[in-house]
Amino acid sequence: MADTSHTAVLGAGVIGASWAALFLASGRSVAVFDPAPDSEGAVRAYIEQAWATMTELGLTARGDPSRISFHTSAAEAVEGAGFIQENVPERLPVKHATFAKIESVLAPEAIVASSASGLTLGQMQGGWSDPARFVLGHPFNPPHLIPLVEVMGNERTAAGVVEGAEAFYADIGKVTIRVQKEVPGHVANRLQAAVWREAIHLVQSGVASVGDVDKAMSAGPGLRWAAMGPTTLFGLGAGAGGLTAFCDHFTDTFNGWWDDLGTPHLTPEITQVLVDGLREATGGAPVEDLAARRDAKIVAIQKALRGRPSD
Ligand SMILES: NC(=O)c1ccc[n+]([C@@H]2O[C@H](COP(=O)([O-])OP(=O)(O)OC[C@H]3O[C@@H](n4cnc5c(N)ncnc54)[C@H](O)[C@@H]3O)[C@@H](O)[C@H]2O)c1
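Calculation criteria
Residues numbered from 1 in each chain as written. Predicted model: local features only at pLDDT ≥ 70, side-chain atom pairs only at ≥ 80, totals over all residues. Helix = DSSP H or I, 4+ residues; strand = E, 2+ residues; numbered from the N terminus. Rg over C-alpha atoms; globule rule 2.2 N^0.38 Å. Buried ≥ 20, exposed ≤ 12 C-beta atoms within 10 Å, placed from the backbone. Contact = placed C-beta atoms within 7 Å. Near = placed C-beta within 6 Å. Nonpolar A, V, L, I, M, F, W, Y, C, P; charged D, E, K, R; others polar. Domains from an automatic or database assignment. Pairing = 2+ DSSP bridges. Axes fitted to C-alpha atoms, helices over the stretch in contact; angles between N-to-C directions. Core = buried A, V, L, I, M, F, W, Y, C linked by C-beta atoms within 7 Å. Arc of directions from axis to C-beta. Right-handed = clockwise from strand over helix to strand, strands pointing away. Parallel < 35°, antiparallel > 145°, perpendicular 65-115°, else oblique.

Q: Whenever I open this one, the overall build of the protein chain confuses me. Can you help?
A: Looking only at helices and strands, the protein chain has 13 helices and 8 strands in total. For 311 residues, the compact-globule estimate of 2.2 N^0.38 gives 19 Å, and the protein chain sits close to it at 21 Å. Along the first, second and third principal axes, the C-alpha set of the protein chain runs to 55 × 45 × 40 Å. A buried classification covers 30% of the 311 residues belonging to the protein chain. Counted over contacts in the protein chain with a minimum sequence separation of 6, partners at least 24 positions apart contribute 69%.

Take a look at the structure:
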């Protein structure tokens, strides 16, 4: 594996600032480029807040939050970095312009990973003369707290680069999966989209309120899914016969449910129903309060799961 003791973060908004915090916590130095005028202050404030949470999770023992530097160009920021995480806005011309600026100055062994949620690897590779050392490294927000990173390379990626990215992410405590085929939304966002689609359908067709649909998820399958994925869990749902027995027992049931699931699209009307339903469910609690509650629960779950296999 290349020397990744020095890293770079390009674009330090919601996702980049969080990656920077985690890279620092892992004992690495981080060079940041973000053209926003107030970026340095915002990133430092974010890291201060994230550090407390990461310390609670035992992630900062190797780290020093002062090992961060701010630069005036992407080319300057990537100089000497062994791993570069790109988090510029989700617009192809901005991504391409960034890659064009850094390609000629990268260290030969450096790996560049993009956080892109919607753009595909193939689309982004168009911004490189040679994308051999470029991969997808898609996190879940916030990357310093949620373990998952979806990693992808393809036939234009050099041998060992995907594995190098996976080794880097493992070293900073992430759980990686390999995306083997290009699809919009990669894997985890498609799973979220599938569940949210049916949540909206249930609300829209009057089966349950927004609050109760959310509760059905977080107090039921959501809690189980933090422990194990759906196929593993269903393999435990029919006793000693395992998954084969489960599928035998429930073939007609699931096929019937799938045929009955809804296929709503987001419209302004549906958005208003959801907004009203959420206000009712949360008593109108401000976004910051809900975010703090979410983070406290995620930290508690992470602490409880620490040291256990991630399946
Ligand atoms: N927000 C999420 O939940 C989420 C989750 C996973 C992945 N992502 C992906 O992460 C990437 C960044 O998203 P975000 O939510 O952090 O966006 P953001 O708007 O919060 O941050 C983007 C940052 O890039 C900076 N920027 C603009 N032009 C730049 C340039 N030319 N070079 C360097 N920096 C530049 C902006 O000043 C801003 O700080 C996107 O590709 C997005 O799809 C987002």
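Q: Honestly, the site of the ligand in this entry has me stumped. Any pointers?
A: In the vicinity of the ligand there are 25 residues, among which Gly11, Gly13, Ile15, Ser117 and Asn141 approach most closely. Looking at the shell around the ligand, the elements with two or more residues in it are helix H1 (14-25), helix H4 (92-102) and strand S6 (134-139). Considering every element that reaches the shell around the ligand, the biggest residue donor is H1, with 3 residues. A per-class count over the shell around the ligand returns 13 nonpolar, 10 polar and 2 charged.

Q: It is not clear to me how the environment of Ser114 should be interpreted in this structure. Could you clarify?
A: Positionally, Ser114 belongs in strand S5 (residues 111-114). Since 27 C-beta atoms lie within 10 Å of it, Ser114 is described here as buried. Along the backbone, Ser114 and Met54 are 60 residues apart, and their C-alpha atoms lie at a distance of 23 Å. Ignoring anything within four residues of it in the chain, the contact list for Ser114 reads Glu86, Lys95, Met124, Leu136 and Gly137.

Q: What is the right way to read the domain arrangement of the protein chain from this model?
A: It is common to give the size of an interface as the accessible area that goes away when the parts come together. Along its sequence, the protein chain is organised into domain 1 (6-178) and domain 2 (188-305). Computed from C-alpha atoms alone, the centre-to-centre distance between domain 1 and domain 2 is 30 Å. Elements that contribute at least two residues to the side of domain 1 that touches domain 2 include exactly helix H2 (39-56) and strand S7 (148-152). Considered class by class, the residues forming the side of domain 1 that touches domain 2 number 4 nonpolar, 2 polar and 2 charged.

Q: I tried to follow the sheet that holds strand S3 (residues 68-71) on my own but got confused; where do I start?
A: Within a sheet, neighbouring strands are paired by backbone hydrogen bonds and run either parallel or antiparallel to one another. What the 8 strands build is an open sheet, ordered S3-S2-S1-S4-S5-S6-S7-S8; its pairing is mixed. Each end of this open sheet is capped by a strand with a single partner; those strands are S3 and strand S8 (175-178). Shown here is a sheet whose adjacent strand axes are inclined to one another by a mean of 25°, direction ignored. Bridge count for S6 against S7 is 4 bridges, and the pairing is antiparallel. Bridge assignment links His138 to a residue of S7, and that residue is Glu150.

Q: What should I look at first to understand the nonpolar core in this one?
A: Across soluble globular proteins, nonpolar side chains show a tendency to be buried alongside one another. Ranked by size, the top nonpolar core spans 54 residues in total, and within it Ala20, Ala21, Val32 and Val135 carry the most contacts. With 9 residues, the top contributor of residues to this core is H1. Aside from chain neighbours lying at most four places away, what touches Ala20 is Val9, Ala12, Val30, Val32, Val43, Ile47 and Ile68.

Q: Sorry if this is basic, but what is going on with H4 here?
A: Every α-helix carries 3.6 residues per turn, so stepping three or four residues along brings you back to the same face. What H4 keeps buried is the set Lys95, Thr98, Phe99 and Ile102. Within H4, the buried residues cover an arc of 95° as seen down the axis, which keeps them to one side. Buried residues belonging to H4 abut strand S1 (6-10), helix H3 (74-78), strand S4 (83-86), S5 and helix H5 (121-125).

Q: Where do I start with the pairing of S7 in this structure?
A: Within a regular beta strand, the side chains point alternately toward one face of the sheet and then the other, so they alternate between its two faces. Inspection of the sheet shows S7 paired to S8 by 4 bridges, in the parallel sense. Considered in S8, the bridge of Val149 is made with Thr176. The parallel pair S7 and S8, bridged by helix H6 (residues 161-171), forms a crossover whose chirality is right-handed.

Q: Honestly, the environment of Ile270 in this entry has me stumped. Any pointers?
A: Mapping Ile270 onto the fold places it in helix H12 (residues 268-282). Classification of Ile270 by C-beta neighbours within 10 Å gives partly exposed; the count is 15. With 69 residues separating them in the primary sequence, Ile270 and His201 have C-alpha atoms 9.8 Å apart. Ignoring any residue separated from it by four or fewer positions in sequence, one finds Ile270 in contact with Ile200, Gln204 and Pro264.

Q: In this structure, what is going on with the packing of helix H7 (residues 188-204) against H12? I would like to understand it.
A: Between two packed helices, both the angle of their axes relative to each other and the distance between the axes serve to describe the pair. Taken N-terminus to C-terminus, the directions of H7 and H12 make an angle of 85°; their axes are 11 Å apart at the nearest point. On the basis of their axis angle, the class for H7 and H12 is roughly perpendicular. Of the residues in H12, those in contact with Ile200, Val203 and Gln204 of H7 are Ile270, Val273, Leu274 and Gly277. A class-by-class count of the residues in the contact of H7 with H12 yields 5 nonpolar, 2 polar and no charged.

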